[in-house]
Amino acid sequence: AFAVAADANHSVATEIASLIRQRQADGRQCVLGLATGSTPLGVYAELIGMHRDEGLSFANVVTFNLDEYFPMRPDAPQSYHRFMNENLVDHIDIDPANVHIPYGLLSTGAVDEFCHNYEQLIDDSGGIDLQLLGIGRTGHIGFNEPGSDRSSLTRLVQLNSVTRVDAASDFAGVDNVPQWAITMGVQTILDSRRIRLLAFGKHKAPIVARAAAGKQSDSVPATFLQNHVDVRYLLDSDAASELP
Ligand code: F6R
């Protein structure tokens, strides 16, 4: 019943491309919510290929990334700014002014205003048409770790220790992983018109089962997606293997 990863990537990339083209035909912008990490890499590779081979243009696309470590220099190897440039932005014709990613170098006093403005920018753009998500082993979406409220908005959060262990290899040791991140909230994500959650691999099977079929609770923030009017889980057979 569940696809191999390549099919899931192709299916989401094709959906995104047709949304972009529809909006182009209507003379409107297309607003995408984007994720980092290993999971969306295949979708980004497909989109880059469509730009190169089929002339898919991103000139009318506006993007909002879910999150960024805090503190984090935008040019640091582990930054999500750098990740997006290397894995998507540098390879397509999007206007750099249309790419929004939480900024990891704010003074502590400036964080609240930044987060408020991020929400405002999303609203001003007309809201997110399609939000791409991965899922962490803690059940986080974005960096909304266990304990995150359903009504949470963009804010500074403390990373879960499991999440920091999972990031340790990128930082040459868990002690170097930032303690904090700025993330869109659960409510910010739920306000998207479409949500596409991707999960690949056996290590995601237990949390995918809890997220998709468990009782809704802030102990697994991804369970809050269950009531969304247009959510799809795109899983390979390993990630789907513990679904009831
Ligand atoms: C990334 C993000 C996270 C990741 C999740 C899975 O922007 O918000 O929620 O989607 O940690 O990470 P990977 O894909 O590396 O397994």
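For the structure itself, consult the block above.
What this report covers is the structure whose coordinates are included nearby. (Residues numbered from 1 in each chain as written. Predicted model: local features only at pLDDT ≥ 70, side-chain atom pairs only at ≥ 80, totals over all residues. Heavy atoms only, no water.)

Notes on the overall build of the protein chain
Thinking step 1. When helices and strands are counted, the protein chain shows seven helices and nine strands.
Thinking step 2. Here the C-alpha radius of gyration of the protein chain, 17 Å, is about what a compact globule of 244 residues would show, namely 18 Å.
Thinking step 3. Reported as C-alpha extents along the three principal axes, the dimensions of the protein chain are approximately 45 × 45 × 35 Å.
Thinking step 4. Counting all 244 residues of the protein chain, 52% fall into the buried class.
Thinking step 5. Look at the contacts in the protein chain between residues 6 or more apart in sequence, and 78% of them connect residues 24 or more apart.
Thinking step 6. Treating the 18 positive side-chain charges of the protein chain as one cloud and the 30 negative ones as another, the clouds have centres 5 Å apart. (Helix = DSSP H or I, 4+ residues; strand = E, 2+ residues; numbered from the N terminus. Rg over C-alpha atoms; globule rule 2.2 N^0.38 Å. Buried < 20%, exposed > 50% of the residue type's maximum accessible area, 1.4 Å probe, protein only. Contact = heavy atoms within 4.5 Å. Lys, Arg positive; Asp, Glu negative; His and termini not counted. Charge placed at Lys NZ, Arg CZ, Asp CG, Glu CD.)

So, the environment of Phe70
Thinking step 1. Tracing the backbone through its elements, the reader meets Phe70 in strand E3 (residues 67–70).
Thinking step 2. Distance in space between the C-alpha atoms of Phe70 and Ile182 is 6.4 Å, their sequence separation being 112 residues.
Thinking step 3. Sequence-distant contacts of Phe70, defined by excluding residues within four places in its chain, comprise Tyr103, Gly104, Leu106, Val111, Leu156, Pro178, Gln179, Trp180, Ala181 and Ile182.

Things to note about the site of the ligand
Thinking step 1. In the neighbourhood of the ligand, 13 residues make up the surrounding shell, with Thr39, Asp67, His140, Gly142 and Lys204 lying closest.
Thinking step 2. Within the side chain of Thr36, one N or O atom sits 2.9 Å away from an oxygen atom of the ligand.
Thinking step 3. Protein burial of the ligand: of its 410 Å² of free accessible surface, 86% is covered by the chains.
Thinking step 4. Comparing atom positions with the cavity grids shows the ligand to sit within the largest pocket.
Thinking step 5. The class makeup of the residues in the shell around the ligand is three nonpolar, eight polar and two charged. (Near = heavy atom within 4 Å. Polar contact = N/O pair within 3.5 Å; in protein donor to acceptor, adjacent residues only side chain to side chain. Areas by Shrake-Rupley, 256 points an atom, 1.4 Å probe, with all protein chains shown as cover. 1 Å grid on protein atoms, 1.4 Å probe; cavity = no way out; pocket = protein on both sides within 12 Å on 5 of 7 lines; lining within 4 Å. Sits in = over half its atoms within 2 Å of the grid points. Nonpolar A, V, L, I, M, F, W, Y, C, P; charged D, E, K, R; others polar.)

Here's the deal with the sheet that holds strand E4 (residues 99–100)
Thinking step 1. Pairing is parallel in the open sheet, where six strands are placed in the order E4-E2-E1-E5-E8-E9. Looking at which strands have only one partner, the edges of the open sheet turn out to be E4 and strand E9 (231–235).
Thinking step 2. Together, strand E1 (30–34), strand E2 (61–65), strand E5 (130–133), strand E8 (194–199) and E9 form the strand contacts of helix H1 (residues 5–25), whose direction differs from that of E8 by roughly 155°.
Thinking step 3. Contacts from helix H4 (residues 111–124) reach E2 and E4 within the one sheet, and its direction differs from that of E2 by about 150°. (Pairing = 2+ DSSP bridges. Axes fitted to C-alpha atoms, helices over the stretch in contact; angles between N-to-C directions.)

Things to note about the packing of aromatic side chains
Thinking step 1. Scanning the model with the defined rule gives six aromatic pairs in all.
Thinking step 2. Measuring from centroid to centroid gives 4.9 Å for Tyr69 and Tyr80, while their planes differ by 45°, and the two rings are tilted. Highlighted residues: Tyr69 in strand E3 and Tyr80 in helix H3 (residues 80–87), separated in sequence by 11 residues. The same class applies to Tyr69 and to Tyr80, which are both buried. (Phe/Tyr/Trp six-rings, centres within 6.5 Å; stacked < 30°, edge-to-face > 60°.)

Topic: the pattern of salt bridges
Thinking step 1. The tally for this structure, following the rule as stated, stands at 12 salt bridges.
Thinking step 2. One salt bridge in this structure joins Asp53 and Arg52, with 3.1 Å as the shortest N-O distance.
Thinking step 3. Looking at Asp53, the relative accessible area reads 56%, which means it is exposed.
Thinking step 4. Among the residues examined, Arg52 registers a relative accessible area of 61% and is labelled exposed.
Thinking step 5. Ionic pairing is found between Arg73 and Asp75, a salt bridge with its closest N-O pair at 3.1 Å.
Thinking step 6. Counted as one network, the salt bridges with shared partners bring together Glu15, Arg194, Arg196, Asp230 and Arg232. (Salt bridge = Lys/Arg side-chain N within 4 Å of Asp/Glu carboxyl O.)

Notes on the sheet that holds strand E6 (residues 155–158)
Thinking step 1. Taking strand neighbours across the sheet as the criterion, the three strands line up as E3-E7-E6 in an open arrangement whose pairing is antiparallel. Of all strands in the sheet, those bounded by a partner on one side alone are E3 and E6. Direction aside, neighbouring strands of the sheet carry axes that sit 30° apart on average.
Thinking step 2. For E6 and strand E7 (residues 180–183), the ladder comprises four bridges, and the chain directions are antiparallel. In the strand pairing of E7, Val157 is matched with Ala181.
Thinking step 3. H4 rests against E3, E6 and E7 of the sheet, and its axis sits at about 115° to E6.

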